[in-house]
There are 2 protein chains.
Amino acid sequence: MKSLAILGGTGKEGAGLAMRWALHGYRVIIGSRSAEKAETRAKEMNGELGADYLSGLANAAAADRADIVILSVPYNAHQATLASVREQCQGKILVDLTVPLQPPAITQVNLPGGGAAALEAQSLLGPDVTVVAAFQNVSAVKLKKLGQPVDCDVLVCADDREARTAVIELVAAAGMRGLDAGLLKNAVAAESLTPVLLHINKTYGVQGAGLRITGLDDGR
Amino acid sequence: MKSLAILGGTGKEGAGLAMRWALHGYRVIIGSRSAEKAETRAKEMNGELGADYLSGLANAAAADRADIVILSVPYNAHQATLASVREQCQGKILVDLTVPLQPPAITQVNLPGGGAAALEAQSLLGPDVTVVAAFQNVSAVKLKKLGQPVDCDVLVCADDREARTAVIELVAAAGMRGLDAGLLKNAVAAESLTPVLLHINKTYGVQGAGLRITGLDDGR
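For the rest of this paragraph, the subject is helix H5 (residues 117–125) of chain A. All names here are of chain A. Within the sequence span of H5, burial applies to Ala117, Ala118, Glu120, Ala121, Gln122 and Leu125. At its buried positions, H5 is contacted by helix H4 (78–89), strand E5 (93–96), strand E6 (130–133) and helix H8 (187–204). A positive phi of about 90° marks glycine 126, the residue just after H5.

Here it is in structure tokens:
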């Protein structure tokens, strides 16, 4: 089974995915700026899961030991975190979950200078890292309810088709449906949908609005 | 009942909406660059509907007689069409359906210079026109099946909340669920989701992929 490093895995979104993947048999390493914080959170999650599934390391060490690196940090830590793991990611897939929100205006689309956070990641990491954008629209609240399926599809964007397929498998392992959403530049759609979902949460008084792609079973 | 002008109403998307609204009791005027083409299409649609519901006029005359103006043209005609109806739209709501596609790469997100086609429309029309972005993700194929509900939500973005509410009513009248999706700048999300849906159509061999927002009934 492949090993996964979740940089920013101490946060809510990353933690939910980490536990779901650990339960599915992946070797999961929680990464954080602080190795101590990563170890502490990994222990807490192991306690929740009732077994020593997860370990914790500083981000660069976590990325170094993983086959696939997952990035789950706030946008204001995006660039610095990527710079700190650039070497350790070479030749690997990096799955970028980042939504370029600009707090406190988190219900408004913010287009970053590079068009999409995932495109900025590709540019920072260089051509030998395969950046895949995914999971931006999934509610952390729902991810943490481990026994329950998440009523949200995951749009998976990457320039490399095999990398899309590999990440669609990871999505399924976490209990969701992943869909091939095309080239990495299409990450703009998923990244900009998140502030819309946060607006909908606020406007309609709900906690975890998500999306489903319809029409996939028509005429088949 | 309010009167609606559908500029570009001779196209597939506009025609489907026109007939749905006409059946719902709105006075609908088809607009086109050519008055003759607009009249011909209006007659054809009246034939389909079995009654003289629709009329056809040149775009500027259509906009002039309408309470609400709907813009349904390809992106390469967006700017010129808006310029041709600028005067006639003052003080009104303009609903922009435009997706900034760059053929032939219609399965790839293309961010226009102004960030979103709807933001460009607002800038072209000036502050006395209330631009509302909506309907970008709805399959024309499904809209034309008049008796059938469309399995797609409509994200409605505008800086003015009352205008959002007015357009959400128009969405319901056309047989769909409209959702308040926030400020006009959030139109980026809906506009960039369309090439993703077109990619999904191609990849999964379907014709009318759409979206549903989930989680709206949780905990209520």
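Before going further, it helps to examine the side chain of asparagine 137 of chain B. All names here are of chain B. Tracing the sequence through the fold places asparagine 137 in the loop between strand E6 (130–133) and helix H6 (140–143). Judged by relative accessible area, which is 5%, asparagine 137 ranks as buried. A distance of 2.9 Å separates a polar atom in the side chain of asparagine 137 from the backbone oxygen of alanine 190. Ignoring sequence-local partners within four residues, the contact set of asparagine 137 consists of Cys152, Leu155, Ala190, Leu193, Thr194, Leu197, Ala209, Gly210 and Leu211.

The next point concerns the interface of chain B and chain A. Each partner contributes to the interface: chain B provides 40 residues, whereas chain A provides 40 residues. For the pair chain B and chain A, the summed buried area comes to about 3,200 Å², and 61% of that belongs to carbon and sulfur atoms. Its largest share of buried area at the contact with chain A, chain B owes to Asp180, Tyr204 and Thr214 of chain B, together 17% of the area lost on that side. For the interface between chain B and chain A, the tally reads zero salt bridges. Where chain B touches chain A, the interface holds 17 residue pairs in polar contact (both at pLDDT 80 or more). Counting residues per element, the side of chain B that touches chain A draws most heavily on helix H8 (residues 187–204) of chain B, at ten residues. Within the side of chain B that touches chain A, the residues separate by chemical class into 19 nonpolar, 13 polar and eight charged. In the sheet, strand E9 (residues 210–214) of chain A pairs with strand E9 (residues 210–214) of chain B via five bridges, with the strands oriented antiparallel. In the sheet register, threonine 214 of chain A faces E9 of chain B, and the bridge partner there is glycine 210 of chain B.

Another point: unusual backbone geometry. Between proline 103 of chain A and proline 104 of chain A the backbone carries a cis peptide bond, its omega angle lying at 5°. Positive phi, close to 70°, is recorded for phenylalanine 135 of chain B, a residue that is not glycine. Following the sequence through the fold, phenylalanine 135 of chain B ends up in the loop between E6 and H6.

Right, let's talk about helix H1 (residues 12–23) of chain A for a bit. Residues and elements named next belong to chain A. The end-to-end C-alpha distance of H1, which contains twelve residues, comes to 17 Å, matching closely the 16 Å that a straight helix rising 1.5 Å per residue would cover. Taken across its twelve residues, H1 has ten buried, putting it largely inside the fold. Considered for burial, the residues of H1 that qualify are Glu13, Gly14, Ala15, Gly16, Leu17, Ala18, Met19, Arg20, Trp21 and Ala22. Note on H1: the residue one or two positions beyond its end, glycine 25, has a positive phi of about 105°.

With that settled, consider the relation of the copies chain B and chain A. Each copy superposes on the other: chain B lies on chain A with an RMSD of 0.0 Å after a rotation of 180° and an axial shift of 0.0 Å. Seen this way, the second copy is the image of the first under a two-fold rotation axis.

Turning our attention to the confidence of the model for chain A. Residues shown with low pLDDT carry predicted positions that ought not to be read at fine detail. Across chain A, the average pLDDT comes to 96, with 99% of residues at or above 70. With pTM at 0.97, the complex prediction returns an ipTM value of 0.96.

Moving on, we get to the nonpolar core. Grouped together as the largest cluster of nonpolar side chains are 157 residues, with contacts concentrated most on Trp21 and Phe135 of chain A together with Trp21 and Phe135 of chain B. When neighbours within four sequence positions are excluded, tryptophan 21 of chain B is seen to be in contact with Leu4, Ile6, Tyr26, Val28, Ile70, Phe135, Leu170, Ala173 and Ala174 of chain B.

Close approach of charged atoms lets side chains of opposite charge pair. Residue and element names in this part refer to chain A. Summed over the entire model, instances satisfying the criterion amount to twelve salt bridges over all chains. Salt-bridge contacts for arginine 212 lead to aspartate 151; the nearest nitrogen and oxygen are separated by 2.7 Å. Remark: aspartate 151 occurs in the loop between helix H6 (140–143) and strand E7 (153–156) and arginine 212 occurs in strand E9; sequence separation between them is 61 residues. The exposure class of arginine 212 is partly exposed, given its relative accessible area of 25%. Where salt bridges share partners, they join Asp151, Asp153, Arg177 and Arg212 into one cluster.

Another point: the packing of aromatic side chains. All names here are of chain A. A full pass over the atoms with the stated rule returns two aromatic pairs over all chains. Judged by centre distance (5.7 Å) and plane angle (80°), the ring pair of tryptophan 21 and phenylalanine 135 falls under edge-to-face. Taken together, the residues span a long stretch of sequence, with tryptophan 21 in helix H1 and phenylalanine 135 in the loop between E6 and H6 at a distance of 114 residues. Each of the two residues, tryptophan 21 as well as phenylalanine 135, counts as buried.

What counts, and at which threshold
- Residues numbered from 1 in each chain as written.
- Chains lettered and ligands numbered in written order.
- Predicted model: local features only at pLDDT ≥ 70, side-chain atom pairs only at ≥ 80, totals over all residues.
- Heavy atoms only, no water.
- Buried < 20%, exposed > 50% of the residue type's maximum accessible area, 1.4 Å probe, protein only.
- Helix = DSSP H or I, 4+ residues; strand = E, 2+ residues; numbered from the N terminus.
- Contact = heavy atoms within 4.5 Å.
- Polar contact = N/O pair within 3.5 Å; in protein donor to acceptor, adjacent residues only side chain to side chain.
- Buried area = accessible area lost by both parts, 1.4 Å probe.
- Salt bridge = Lys/Arg side-chain N within 4 Å of Asp/Glu carboxyl O.
- Nonpolar A, V, L, I, M, F, W, Y, C, P; charged D, E, K, R; others polar.
- Pairing = 2+ DSSP bridges.
- Expected span 1.5 Å × (residues − 1).
- Least-squares fit on C-alpha atoms with pLDDT ≥ 70 in both.
- pLDDT = per-residue confidence, 0-100.
- Core = buried A, V, L, I, M, F, W, Y, C linked by side-chain atoms within 4.5 Å.
- Phe/Tyr/Trp six-rings, centres within 6.5 Å; stacked < 30°, edge-to-face > 60°.

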